Amino acid sequence: RELRLWAVDDASDDAPFAPLGAVRRQALEPCQELRFAAPRLIACLAHGRTLELYRVRDEADAAKKAKRRAKRRREKGGAAAADGAGGAGASTAADELELVAV
């Protein structure tokens, strides 16, 4: 039920792929086909009739989302949650993609 994202670095000879993280999907079935529908849209087709559209956020929107997530974590858990992994500057895969339609 996750869509795993990887960064591709053509210049690197050792490890050209670096994991970015995973995004929770709405569909229960595995993803059968994954396509870039437009410059900033990703379409994920499941085995059934489910089509999920994701919008790729630009860097400013992703940073804003990560900042809001860190603020909510601080408010909810106090100072201990702010010191944990994924601080205010860390962007996750869920910050990069937004589910548009199912």
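Residues numbered from 1 in each chain as written. Predicted model: local features only at pLDDT ≥ 70, side-chain atom pairs only at ≥ 80, totals over all residues. Heavy atoms only, no water.

## Thoughts on the overall build of the chain
In plain terms, the rule: A run of H or I in DSSP becomes a helix once it reaches four residues, and a run of E becomes a strand once it reaches two; helices and strands are each numbered from the N terminus. Between buried and exposed lies partly exposed: a residue is buried under 20% and exposed over 50% of the maximum accessible area for its type, with that area taken using a 1.4 Å probe on protein chains only. Whether two residues are in contact is decided by their heavy atoms: any pair within 4.5 Å suffices. Note on areas: these come from Shrake-Rupley sampling with a 1.4 Å probe, and a residue is covered only by the protein chains present in the view.
Scanning the chain from N- to C-terminus turns up three helices and six strands. Mapped in sequence order, the helices and strands of the chain form the string β-β-β-β-β-α-α-α-β. Going through the 102 residues of the chain one by one, you find that 19% of them count as buried. Put simply, of all contacts in the chain between residues at least 6 apart along the chain, 41% involve residues at least 24 apart. Counting every atom, the chain has about 7400 Å² of accessible surface; 53% of that belongs to carbon and sulfur.

## Observations concerning the nonpolar core
Our working definition: Residues belong to one nonpolar core when they are buried, are Ala, Val, Leu, Ile, Met, Phe, Trp, Tyr or Cys, and are joined through side-chain atoms within 4.5 Å.
Counting residues in hydrophobic clusters, the biggest one holds eight residues: Leu-3, Leu-5, Val-23, Ile-42, Cys-44, Tyr-54, Ala-93 and Leu-97. Only strand 1 (2-8) and strand 4 (41-46) provide two or more residues apiece to this core. Non-local contacts of Val-23, meaning those with residues more than four positions away in its chain, are made with Arg-1, Glu-2, Leu-3, Leu-5, Tyr-54, Ala-93, Ala-94 and Leu-97.

## Details of the pattern of salt bridges
Under the convention used in this document: Put simply, a salt bridge is a Lys or Arg side-chain nitrogen that is within 4 Å of an Asp or Glu carboxyl oxygen.
Tallied over the entire structure, the rule returns three salt bridges. Between Asp-61 and Arg-55 there is a salt bridge, with the nearest N and O atoms lying 4.0 Å from each other.

## Description of the sheet that holds strand 4
For clarity, the threshold we go by: The pairing criterion for strands is at least two bridges between them, as found by DSSP. Under this scheme, a helix contributes an axis fitted over its contacting stretch, all axes are lines through C-alpha atoms, and angles between N-to-C directions fall in the 0 to 180 degree range.
Judged by pairing direction, the sheet is antiparallel, and its four strands sit side by side in the order 3-4-5-6 without closing on themselves. The open sheet terminates on both sides in strands that have one partner only, identified here as strand 3 (31-38) and strand 6 (97-101). Neighbour to neighbour, the strand axes of the sheet diverge by 30 degrees on average, direction disregarded.

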